[in-house]
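Listed below, chain by chain, are the residues.
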Amino acid sequence: MGLLDKLSTWLGKGRMEVTVLVLGLDNSGKSTMLNTLRPPEQRAQHLMPTVAQNHDSFQSGGVCFTAWDVSGAPRHRALWERHYRRAHAVIFVVDSADHLRLVVAREELELMLAHPDMCGRRIPLLVFANKCDAPHALAPMQIAAVLGLERITDKPWHVCASSALSGTGLADGVAWLARQIRDAHLPKS
Ligand SMILES: Nc1nc2c(ncn2[C@@H]2O[C@H](COP(=O)(O)OP(=O)(O)OP(=O)(O)O)[C@@H](O)[C@H]2O)c(=O)[nH]1
Ligand SMILES: [Mg+2]
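Everything numeric in this text was worked out from a predicted model, so none of it was measured.

Each value, and the rule that gives it
- Residues numbered from 1 in each chain as written.
- Chains lettered and ligands numbered in written order.
- Predicted model: local features only at pLDDT ≥ 70, side-chain atom pairs only at ≥ 80, totals over all residues.
- Heavy atoms only, no water.
- Pairing = 2+ DSSP bridges.
- Helix = DSSP H or I, 4+ residues; strand = E, 2+ residues; numbered from the N terminus.
- Donors = N, O, S within 2.8 Å, 3.2 Å for Na, K, Ca; no water.
- Near = heavy atom within 4 Å.
- Polar contact = N/O pair within 3.5 Å; in protein donor to acceptor, adjacent residues only side chain to side chain.
- Areas by Shrake-Rupley, 256 points an atom, 1.4 Å probe, with all protein chains shown as cover.
- Axes fitted to C-alpha atoms, helices over the stretch in contact; angles between N-to-C directions.
- Buried < 20%, exposed > 50% of the residue type's maximum accessible area, 1.4 Å probe, protein only.
- Contact = heavy atoms within 4.5 Å.
- Expected span 1.5 Å × (residues − 1).
- Arc of directions from axis to C-beta.
- Core = buried A, V, L, I, M, F, W, Y, C linked by side-chain atoms within 4.5 Å.

Engineer: Can you help me understand the pairing of strand β2 (residues 53-60) in this one?
Structural biologist: Each regular strand displays side chains that alternate between the two surfaces of the sheet. Relative to strand β3 (residues 63-70), β2 runs antiparallel, the two being bridged by eight bridges. Paired with N54 across the bridge in β3 is D69. The loop that links β2 with its antiparallel partner β3 comprises two residues; one of these, G61, has a positive phi angle of about 50°.

Engineer: Got a minute to help me understand the coordination of the magnesium ion (ligand 2) in this structure?
Structural biologist: Around the magnesium ion (ligand 2), the protein contributes the donor atoms S31 (OG) and T50 (OG1), at 2.0 to 2.1 Å from the metal centre. Taken together, the residues span a long stretch of sequence, with S31 in helix α2 (residues 30-37) and T50 in the loop between α2 and β2 at a distance of 19 residues.

Engineer: Mind showing me how you'd approach the site of ligand 1 here?
Structural biologist: Around ligand 1, 18 residues are found, and the nearest of them are K30, T32, T50, G72 and D133. For ligand 1, an oxygen atom lies 2.8 Å from a polar atom in the backbone of T50. In the complex, 80% of the free accessible area of ligand 1, which totals 650 Å², lies under the protein chains. Counting residues per element, the shell around ligand 1 draws most heavily on α2, which supplies three residues.

Engineer: How do you make sense of the sheet that holds β2 when you look at a structure like this?
Structural biologist: Sheet strands associate in pairs through backbone hydrogen bonding, adopting either a parallel or an antiparallel arrangement. The six strands are arranged β2-β3-β1-β4-β5-β6 in an open sheet whose pairing can be described as mixed. In this open sheet, the two edge strands, each paired with only one partner strand, are β2 and β6 (157-161). Each adjacent strand pair in this sheet contributes to an overall mean axis angle of 25°, direction not counted. As paired elements, strand β1 (residues 16-23) and β3 share seven bridges and run parallel to each other.

Engineer: Explain α2 to me, please; I cannot follow it from the model alone.
Structural biologist: The periodicity of an α-helix, 3.6 residues per turn, causes residues three or four places apart in sequence to face the same way. Counting buried positions along α2 yields six of eight residues, so the element is predominantly enclosed. Among the residues of α2, those classed as buried are K30, S31, M33, L34, N35 and T36. Here the buried face of α2 lies against β1, β2, β3, β4 (89-95), β5 (125-130) and α5 (170-185).

Engineer: Before we go on, may I ask you to explain helix α3 (residues 102-114) in this structure?
Structural biologist: In this model α3 runs 18 Å from its N-terminal to its C-terminal C-alpha over 13 residues, within 8% of the 18 Å that 1.5 Å per residue would give. Of all the positions in α3, only L102, A105, E108, L109, M112 and L113 are classed as buried. Looking straight down α3, one finds that the buried residues subtend no more than 135° of arc, so they occupy a single side. In α3, the exposed positions that point more than 90 degrees away from the buried face belong to L111 and A114. In this fold, the buried residues of α3 make contact with β1, β4, β5 and α4 (140-147).

Engineer: Explain the nonpolar core here, please?
Structural biologist: A general feature of soluble globular proteins is that nonpolar side chains tend to end up buried together. In this structure, L21, L23, F92, M112, L125 and V127 are the most contacted members of the largest nonpolar core, which totals 29 residues. Secondary-structure elements contributing two or more residues to this core are β1, β3, β4, α3, β5 and α4. For this core, the element with the highest residue contribution is α3, accounting for five residues. Once residues lying within four places of it in the same chain are set aside, the contact partners of F92 are L23, G24, W80, A105, L109, M112, L125, L126, V127 and F128. Membership of the second largest hydrophobic core comes to 23 residues, among which are V20, L34, W176 and A178.

Engineer: Which parts of the structure should I look at to understand the side chain of K155?
Structural biologist: As for its position among the elements, K155 is in the loop between α4 and β6. Polar contacts involving the side chain of K155 include one to the main-chain carbonyl oxygen of R121, which spans 3.0 Å. Those residues in contact with K155 that lie beyond four places of it in its chain are L113, M118, C119, G120, R121, R122 and I123.

See below:
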């Protein structure tokens, strides 16, 4: 089978199923992001803070994502690690206008990356610098600097400005994730 045949099989008939963890502090916009990724007729009108965890699904670039949306409230953060082992990718959502809690977001990100079920695994990390529509929101490069993303060497990472409310930036970020996953699993010719 030639490369093009392999590619079309891979991108066409053989759709990939991927588990993505959606993490970040409470109020960062995780559930809003997943809601906006749904078809308009399936969107919830009102969202409440997540209790424990939910799952949802969306598709991009021939990849079918099952997303675990785990609450970022302090009492629920211990749940995050239960999902690490099965994750093929992580979306970390940051409220880029919540300057005071960026340091907490960094601590939680570092704890996640250092966990034995995560450390050394080459799974893609997409950071949404969310609420880019809010006054005083930091730019993605500033978020990358505050979070120390340049120190991550065991995973491909990407930071993307987003507004989960309007959908700005979501498709670009998720397309990057889909490309990373597809490229990592493309059959070698
Ligand atoms: N301005 C603005 N507000 C947003 C954006 N995304 C989410 N919000 C608001 O932020 C609040 C929290 O959003 P959620 O999606 O519930 O946050 P979460 O990260 O799921 O929070 P937990 O479930 O508690 O972990 C809601 O009032 C949203 O409307 C955004 O991009 N811009
Ligand atoms: Mg939520």
